[in-house]
Amino acid sequence: MEARDILIRPLITETSTALMEEGKYVFVVDKKANKTQIAKAVADIFSVKVEAVNTINVMGKVKRLGRNVGRRSDYKKAIVKLAQGESIQFFEA
């Protein structure tokens, strides 16, 4: 798997914006990727030093529209902590 296949998109929420002050960035990642693959992908793409990676499997919610019942997709979320003094310019802009 290539680095661009592992990181799907950044996750921008109020909580993830607050984590950026601590040097932590949140990404939606491929469900099959492990922590070492995620760390290597972030280091390769953004040229930063990764200190730690925490992953969370998020289950999709059940949603209804009238009598029709559907379900949102499951996804995997990664919280990447960078080394002291490092930042990702993509999120700063």
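Structure: above.
Our subject in this report is the structure included herewith.

Further remarks concern helix H3 (residues 35-46). Residues lying three or four places apart along an α-helix face the same way, a consequence of the helix completing one turn every 3.6 residues. Over its 12 residues, H3 runs 16 Å from end to end, which matches the ideal 16 Å to within 8%, given 1.5 Å per residue. Residues of H3 that are buried: Ile38, Ala39, Ala41 and Val42. Buried residues of H3, viewed axially, fall in a sector of 165 degrees; they line one side. Across H3 from its buried face, at more than 90 degrees, point the exposed residues Thr36 and Lys40. Next to the buried residues of H3 lie helix H1 (3-6), strand E1 (7-10), strand E2 (24-29), strand E3 (50-58) and strand E6 (75-82). Trailing H3 by a residue or two, Ser47 shows a phi angle of about 55 degrees, which is positive.

Quick look at unusual backbone geometry now. The backbone phi angle of Ser47 is positive, close to 55 degrees, even though this residue is not glycine. Within the secondary structure, Ser47 sits in the loop between H3 and E3.

Okay, the side chain of Ser16 next. Mapped onto the fold, Ser16 is located in helix H2 (residues 14-20). Within the local environment of Ser16, its side chain forms a polar contact with the backbone nitrogen of Thr13, the two atoms lying 2.7 Å apart. Setting aside residues up to four positions removed in sequence, Ser16 forms contacts with Leu11, Lys24 and Val26.

On to the sheet that holds E1. Strand order in the open sheet made by the four strands is E1-E2-E6-E3, with antiparallel pairing throughout. Each edge of the open sheet carries a strand with a single partner, namely E1 and E3. Strand-to-strand, the axes of this sheet are offset by a mean angle of 30 degrees, without reference to chain direction. As paired elements, E1 and E2 share three bridges and run antiparallel to each other.

Among the nonpolar cores identified, the biggest contains 17 residues, and Phe27, Ile38, Val42, Val80 and Ile88 are the most heavily contacted of them. Secondary structure elements with two or more residues in this core: E2, H3 and E6. The element contributing the most residues to this core is H3, with four residues. Ignoring any residue separated from it by four or fewer positions in sequence, one finds Val42 in contact with Leu7, Phe27, Ser47, Val48, Val50, Val80 and Ile88.

Calculation notes
- Residues numbered from 1 in each chain as written.
- Predicted model: local features only at pLDDT ≥ 70, side-chain atom pairs only at ≥ 80, totals over all residues.
- Heavy atoms only, no water.
- Helix = DSSP H or I, 4+ residues; strand = E, 2+ residues; numbered from the N terminus.
- Expected span 1.5 Å × (residues − 1).
- Buried < 20%, exposed > 50% of the residue type's maximum accessible area, 1.4 Å probe, protein only.
- Arc of directions from axis to C-beta.
- Contact = heavy atoms within 4.5 Å.
- Polar contact = N/O pair within 3.5 Å; in protein donor to acceptor, adjacent residues only side chain to side chain.
- Pairing = 2+ DSSP bridges.
- Axes fitted to C-alpha atoms, helices over the stretch in contact; angles between N-to-C directions.
- Core = buried A, V, L, I, M, F, W, Y, C linked by side-chain atoms within 4.5 Å.

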